[in-house]
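# Working through the structure, step by step
Residue-level listing of the chains:
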Amino acid sequence: MANNRPPRRHSGRFSDRFTNSLRRRAINARSPINPFVKYFLFFVNFLFLAGGILLIVFSSYILVEKDKAIDHIIYFMFDPACLLCLLGSIVTLLSLLGAYGALRENTGVLQAYYIIFSLLLLLEIVLIVLIFVFFFVEDAFADMGFYPEDTIKEAILKYRDDDDMRGFIDDIQDLLSCCGYSKDDEGYKNWNENRYFFCNTSDPNYRTNPEACSVPYSCCKINEGENINYQCGKDMLNPKTLNPAATINVRGCLKGLDEILKANIWIVGGAIIAIFFVQMVFIWFAKALISQIDEQMMKW
């Protein structure tokens, strides 16, 4: 017996519902996480991580080879190997947080990266402001009872006690064409505070010390192509020496830095702004990725 019932028409309705469901799933499956932001943070921080580890290994090797004990803060501040090790540690920690947090989409780690980076940037801004106040606002630090010269003075006093500090001070004096630490035109007289260079011409035995009344050779004016005369600073602290400025740089290093800073203020300012901008880009990327991960988690 023939079946004369009309065919069912539910297949079209079912197909439409199935298609709409797939479309909704496809829309929900689209991740709000921007791949560029994620992998930019990862790869750049990974490169900094590698660089930070290299800095730590290199500086640690130097410290181990020297077998040097750091028993004073001044030795740490004026030892390039110690400063490199500190810089490498900060870079390694920060870039490890950034690379891991971005790759694993871990908001907790990224939050730590964001907060630490923001605090470092804030600290840098405060430090730069203090440096500009010191050089551009006369006696501002003295009015607050703070004297940055005292830190550098300590290095002058320990000049002969540590080879690394001696080399570091010599490099600074040569680079800035200065002598001593003060912020005036008679910085070379600061070396009178060092027991090896101390000048007391009233003492008949002062000549028994070959360095008495002298300044380090790095204070000397050396023309391009000339050989270094390691005795050029001899008797420069002696009151009988009439014109020490003809032979040595007499301005203090804070004075030299002040003059160089003011002469290149636009270049220095532009470089500082560029560095701050780059750091703010990383901070913004971290914050953006955190928001994108949170948005993705809300769909789960």
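Up top you'll find the structure we're talking about.
Quick summary incoming for the structure in this document. Keep in mind it's a predicted model, so treat the numbers as computed, not measured.

## Considerations on the packing of aromatic side chains
Any two aromatic rings considered together are summarised by their centre-to-centre distance and by the angle between their planes. Enumeration over the complete set of coordinates arrives at 14 aromatic pairs. Of note, K287 hangs over the ring of Y114, and the distance from its end group to the ring centre comes to 5.1 Å.

## Some points on the state of the cysteines
Counted according to the given criterion, the structure contains 4 disulfides. Between the sulfur atoms of C179 and its disulfide mate C219 the distance is 2.1 Å. Here the disulfide of C179 and C219 is right-handed, its torsion about the S-S bond being about 75 degrees. One end of the pair, C179, is in the loop between α8 (163-176) and α9 (253-263); the other, C219, is in the loop between α8 and α9, and 40 residues separate them in sequence. The disulfide that involves C199 links it to C213, with 1.9 Å between the sulfurs. Because the torsion about its S-S bond is 80 degrees, the bridge between C199 and C213 counts as right-handed. Of this pair, C199 sits in the loop between α8 and α9 while C213 sits in the loop between α8 and α9, placing them 14 residues apart in sequence. Here C199 falls in the buried class, since its relative accessible area comes to 12%.

## Side note on helix α5 (residues 107-136)
Here α5 contains 30 residues, and its C-alpha end-to-end distance of 43 Å stays within 8% of the 44 Å for a straight helix at 1.5 Å per residue. Turning to α5, its buried residues number three or more, namely V109, L110, Y113, F117, L121, F134 and F135. Between a side-chain oxygen at the N-terminus of α5 and the backbone nitrogen of G108 the separation is 3.0 Å; the capping residue is N106.

## Quick notes on a nonpolar patch on the surface
Together, I115, L119, L122, V126 and L130 make up a nonpolar patch on the protein surface, roughly 440 Å² of accessible area in all. Position of L119 among the secondary structure elements: in helix α5.

## A look at the pattern of salt bridges
Scanning the model with the defined rule gives 10 salt bridges in all. In this structure, the salt-bridge partner of K38 is E105, at a minimum N-O distance of 2.8 Å. One end of the pair, K38, is in helix α2 (residues 35-66); the other, E105, is in the loop between α4 (80-104) and α5, and 67 residues separate them in sequence. The salt bridge involving R195 is made with D161; its shortest N-O contact spans 3.4 Å. Linking R195 in the loop between α8 and α9 with D161 in the loop between α7 (149-157) and α8, this pair joins segments that are 34 residues apart in sequence. Look at R195 and you get exposed, because its relative accessible area is 55%. Owing to a relative accessible area of 35%, D161 belongs among the partly exposed residues under this scheme. Taken together, the shared-partner salt bridges in this structure form one network comprising R251, K255 and E259.

## A few points about the side chain of S59
By secondary structure assignment, the location of S59 is in helix α2. Judged by relative accessible area, which is 0%, S59 ranks as buried. Only 3.2 Å separates the side chain of S59 from the backbone oxygen of I56, close enough to count as a polar contact. Discounting chain neighbours no more than four positions away, the residues touching S59 are A81, L84 and C85.

## Description of unusual backbone geometry
Outside of glycine, negative phi angles account for most residues, and trans bonds account for most peptide bonds. Phi at S177 is positive, roughly 50 degrees, even though this residue is not glycine. Secondary-structure assignment places S177 in the loop between α8 and α9.

## Concerning the side chain of K158
As for its position among the elements, K158 is in the loop between α7 and α8. Residues within four places of K158 in sequence aside, it is in contact with H72, I74, Y75 and M165.

What counts, and where the lines are drawn
Residues numbered from 1 in each chain as written. Predicted model: local features only at pLDDT ≥ 70, side-chain atom pairs only at ≥ 80, totals over all residues. Heavy atoms only, no water. Phe/Tyr/Trp six-rings, centres within 6.5 Å; stacked < 30°, edge-to-face > 60°. Lys NZ or Arg CZ within 6 Å of the ring centre and 35° of its normal. Disulfide = S-S within 2.5 Å. Helix = DSSP H or I, 4+ residues; strand = E, 2+ residues; numbered from the N terminus. Buried < 20%, exposed > 50% of the residue type's maximum accessible area, 1.4 Å probe, protein only. Expected span 1.5 Å × (residues − 1). Polar contact = N/O pair within 3.5 Å; in protein donor to acceptor, adjacent residues only side chain to side chain. Patch = residues over 30% accessible without salt bridge, like charges linked within 9 Å, V, L, I, M, F, W, Y side chains within 5 Å. Areas by Shrake-Rupley, 256 points an atom, 1.4 Å probe, with all protein chains shown as cover. Salt bridge = Lys/Arg side-chain N within 4 Å of Asp/Glu carboxyl O. Contact = heavy atoms within 4.5 Å.

Read these as layout, nothing more, since geometry by itself doesn't imply function.
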